[in-house]
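# Topology and contacts: notes
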Amino acid sequence: MYDSAAETSRLTELAGRLTLEEKVQLMTGRDFWTTWPMEKIGLRRILVSDGPSGVRGEVWDERSPSLNLPSATALSSSWDTGIAARYGAASAVEARRKGVDVVLGPTINLQRSPYNGRHFEAFSEDPLLTADLAAAYVRGVQENGVGATPKHYIANEYETERFTANSVVDERTLREVYLAAFEKAITESRAWLVMSSYNSINGTTSTEHDLLETPLNSEWGFDGVVVSDWTGVRSVAAASASQDLEMPGPNGAWGKALVDAVRTGAVAEEAIDRTVVRLLRLAARVGALEGFAPVQATPVTVEDGVAFAREAASAGSVLMRNENGALPLDVTLLSSVAVIGHNALNARTQGGGSATVLPARIVTPIDGIRAALPNATVTYSRGAVVQRGIAEITLAEMTNPRTGDAGALVRFLDASGTELFSEDRLATSLIYFGGDAPTTTATVIEISARWTPPESGDVLFGFSAVGRGRVYADDVLLVEDGAEAVGMDLGASLLAPPAVSGTVTATAGVPIELKVEFELAKVEEGQGGLAGIVGVTVGFEADESNPDELIAEAVAAASAAEVAIVVVGTNAQVESEGFDRSSLALPGRQDELVRAVAAVNPRTIVVVNAGSPVLLPWRDDVQSILLTYFAGQEFGAALADMLFGAVEPGGRLPTTWPAAEADVPVSSVTPVDGQLVYSEGVHIGYRAWLRSGVAPAYEFGFGLGYTHFALSELGVSESGRPQEGSVDVSVTVTNTGERSGKHVVQVYLSRADTEVDRPARWLAGFTTVQIDAGASQRVSIPVATRAFEHWDAGWKLEPGTFAVHVGSSVTDTPLSADISH
């Protein structure tokens, strides 16, 4: 919409009413989340928001809660474009509820290596699976009238030195792998925006790269807005390179410098005019421009977001092991269950980073299991410390000392102790992006609450933040300490800071006055976008003083129970924006915990609460393993649905899980001398595993269910030939089990006789089916011409014979056929 010649002419006429200074002003954000309004042409501001797994809105505030959907890895594990479209639609509904015009997602960089700290936010290691899901997500968002923003374009598969590093990638690999992941979101779903990345590609920073024009504009027909990642624009040269919008604002690399560059002829004014028309086209599409009807004034696809979050969590959970049909458990036969694990109580529902959202509630695994077993004894043991840093104070346990209501009091003070600003909060994990709080003028932020301990014992009370602070209990100073910002990265410095705590002796039911005085760090303008931003969490740190006792308590509980459910997982120091992983091992003593529990209870079920691959060295010692990823706010409810058989885990792995770190074929995520060389070329993910000949713990596409399927009668359409458009692959799928279930039919190609350095096999198509027990269904999967082609200064089709493989994972393909041309 608004892409016809007549409509473009109207937008061009509006742009012509603006002065050069006004045009350039539109090209840089007004603040952290909005663009400039321009009353003279009827243009209001456009509000953008982080949004891959929920839409936070303009404020980072628990008083304005957001729907917390499962992570992208959970979405991609569904292998279901219908789920992806509904996910996008639900995001758009949330966006409109919060007045948001543009969702900054989906993140569709590829999972090149499991060591990428932001792995959880991306879809898959495969470009086709990523592309199909991304296109569906974008379609779901935009059909509800909100702009979607596929990101980060391009070759941004690592966090270390992400602002400055140079990704060295050959042209074929860019075209066949990394660009391919973005292509359908543009050519099929017509994304209204694309976000450029921080990194350079082959020596040129993304915001100034020719790739923004070709293939994005010239080949794919993109007519939207390229928005920079925050602070990603480095110079006025970006304005000549099809980079349209610099964020955040109001200060940046453009402004007067860009006006001067146009005046001197260094930047053509035609480039500015082109950009302004695109910005106005976006405004017209989202309803921000008078005289232009929005694409969709109100969402047309609306469903219960909470119910969808629960469904999506199950659809994307992967059953990795299920010996002797241990799952699902029969609720009527259970009298005692031991739930074990730090993540069972302090569940990770989302990964760390700038895309964090604040849900109104979280159903933890222990909550969900207890709700499903009202007549059984359900015990809880921590077992091992996983969550590092500070966990905020539970709302039900704290009282605002000023109002007497539930919550905490936050005050901003100047150097003399005078109160400049105060507010009543419902949480003690606080992040300020501007707003009314005087983050740049105050010297101290004070957070206080009256805490009523639920049980007696020593606890570690303190804060987690970059800067220096003082911790008090009943007006007694417990500790004064802090830490400085490390590097220039928003994610690492703001969202995963160190903790400072002191010991408080608590008596159950006896209130304690808790307070933290935190000195606001003065961050210079331009330091990774941190200026004016404050982040601090006040609460309790896990006690690691006696880890042997924690394991012993868990073992005792498991010994006394019929079933032991151990929830293992990662923490914010392992998976988050801003840094990469140094190990794939579960943090802390979780491996030891699982082995100890399995040794005393043969009915041990392990739930893996991690957004990306982790090592599972005990995987053959337990009955069942259920991978839930970061399952969103309904994590516990969905988990109970699956454990007790209300629904089936519907996921299949979108990435390969290794058995040992030494086996990982692509492990480099750390630039050397400022460069990260993608030396593996097109051989990433399962392609690299097949090339290495090493068997992983769990292969790409793998996943079990609560029933069984058989594939038969493979057909490859006689009229279909690669050079004629597409090949139709059909197969009969039969549910041979005793309950209805989901199956993901996967089609791969290979080429034995070839002059091209091809993968051993590659995904060419897939579909999901739900089939009743004993029933059969004939399914057809189109395989596009592109699946047969390779890039060599253009798309080329090598004559000869390709093998078509059909099955349930990349290595489980019982059916095959040849096709030649």
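The preceding data block contains the structure.
Residues numbered from 1 in each chain as written. Predicted model: local features only at pLDDT ≥ 70, side-chain atom pairs only at ≥ 80, totals over all residues. Heavy atoms only, no water.

## A few points about the packing of aromatic side chains
What counts here: Two aromatic rings from Phe, Tyr or Trp, using only the six-membered ring of Trp, form a pair when their centres are within 6.5 Å; if the ring planes differ by under 30 degrees the pair is stacked, by over 60 it is edge-to-face, and anything between is tilted. Numbering of helices and strands starts at the N terminus; helices are DSSP runs of H or I of at least 4 residues and strands are runs of E of at least 2. Buried, partly exposed and exposed residues are distinguished by accessible area as a fraction of the type maximum, computed with a 1.4 Å probe on protein chains only: under 20%, between the cut-offs, and over 50%, respectively. Each ring is checked for a lysine NZ or an arginine CZ that lies within 6 Å of its centre and within 35 degrees of its normal; such an atom marks a charge sitting over the ring.
All told, the structure shown has 20 aromatic pairs when counted by the stated rule. Geometrically, the ring pair formed by Tyr-87 and Tyr-137 is tilted, given 5.7 Å between the ring centres and 40° between the ring planes. Of this pair, Tyr-87 sits in helix α4 (residues 81-97) while Tyr-137 sits in helix α5 (residues 127-142); the two residues are 50 residues apart in sequence, bridging distant segments of the chain. As far as burial versus exposure is concerned, Tyr-87 and Tyr-137 are alike and both buried. Seen from their ring centres, Tyr-698 and Phe-702 are 5.7 Å apart, and the 25° between their planes marks the pair as stacked. For Phe-702, a relative accessible area of 17% translates into the label buried. When the ring centre of Tyr-678 is taken as origin, the NZ or CZ atom of Arg-112, which lies over that ring, is 4.3 Å away.

## Focus on the sheet that holds strand β27 (residues 675-677)
Heads up, the rule is: Strand pairing requires that DSSP identify at least two bridges connecting the strands.
Ordered in space as β7-β6-β4-β27, the 4 strands form an open sheet in which the pairing is mixed. Because the sheet does not close on itself, it has two edges, and the strands there are β7 (204-205) and β27. Judged from the 2 bridges that link them, strand β4 (residues 166-168) and strand β6 (residues 200-201) form a sheet pairing that is parallel. From the neighbouring strand, Ser-167 faces β6, where its bridge partner is Ile-201.

## Details of the pattern of salt bridges
Basically, it comes down to this: A pair is scored as a salt bridge if a Lys or Arg side-chain nitrogen falls within 4 Å of a carboxyl oxygen belonging to Asp or Glu.
Per the counting criterion, the structure on display carries 50 salt bridges. Across the pair Glu-21 and Arg-263 runs a salt bridge whose closest N-O atoms are separated by 2.8 Å. Note that Glu-21 is positioned in helix α2 (residues 20-26) and Arg-263 in helix α8 (residues 256-264), a separation of 242 residues in sequence. Overall, Arg-263 belongs to the exposed group, its relative accessible area being 56%. Across the pair Glu-713 and Arg-778 runs a salt bridge whose closest N-O atoms are separated by 3.9 Å. With Glu-713 in strand β28 (residues 709-716) and Arg-778 in strand β32 (residues 776-784), the pair connects residues that are 65 residues apart, well separated along the chain. A network of salt bridges, in which partner residues are shared, links Arg-468, Arg-470, Glu-480, Lys-515, Glu-517 and Glu-519.

## Details of the nonpolar core
Heads up, the condition is: By convention a nonpolar core is built from buried Ala, Val, Leu, Ile, Met, Phe, Trp, Tyr and Cys residues, the set being connected through side-chain atoms within 4.5 Å. We call two residues contacting when some pair of their heavy atoms lies within 4.5 Å.
Counting residues in hydrophobic clusters, the biggest one holds 148 residues, and the most contacted among them are Tyr-153, Trp-230 and Ile-272. It is helix α9 (residues 269-286) that contributes the most residues to this core, 9 residues altogether. If near-sequence neighbours (up to four positions away) are discounted, Tyr-153 is found in contact with Leu-179, Phe-182, Val-194, Met-195, Ser-196, Ser-197, Ser-206, Leu-211, Leu-212, Pro-215, Leu-216 and Trp-220. In terms of nonpolar packing, the next biggest core, distinct from the first, is built from 35 residues, Val-566, Val-608, Trp-618 and Leu-653 among them.

## Side note on the environment of Gly-703
Considering the arrangement of structural elements, one finds Gly-703 in the loop between α17 (686-692) and β28. Between the alpha carbons of Gly-703 and Ser-64 there is a distance of 37 Å; along the sequence they are 639 residues apart. Leaving out residues up to four positions away in the same chain, Gly-703 has contacts with Val-318, Leu-319, Gly-651 and Arg-652.

## Some points on the packing of helix α12 (residues 365-372) against helix α16 (residues 635-643)
Angle between the axes and distance between the axes are the two parameters that describe a pair of packed helices. To keep things clear, this is the line we draw: Under this scheme, a helix contributes an axis fitted over its contacting stretch, all axes are lines through C-alpha atoms, and angles between N-to-C directions fall in the 0 to 180 degree range. Here is the rule for angles: anything less than 35 degrees is roughly parallel, anything more than 145 is roughly antiparallel, 65 through 115 is roughly perpendicular, and the remaining ranges are oblique. Throughout, a crossing is termed right-handed when the near helix is turned clockwise from the far one, and left-handed when it is turned anticlockwise from it by less than a right angle. Polar here means any residue other than Ala, Val, Leu, Ile, Met, Phe, Trp, Tyr, Cys and Pro, which are nonpolar, and Asp, Glu, Lys and Arg, which are charged; Gly is therefore polar.
Relative to each other, α12 and α16 sit at 50°, their axes nearing to 7 Å. In terms of orientation, α12 and α16 fall into the oblique class. Considering only the axes of α12 and α16, their crossing is right-handed. Counted together, Pro-365, Gly-368, Ile-369 and Ala-372 of α12 and Phe-635, Gly-636, Ala-637, Leu-639, Ala-640 and Leu-643 of α16 form the full contact between these two elements. Residue classes in the contact of α12 with α16 are distributed as 8 nonpolar, 2 polar and no charged.

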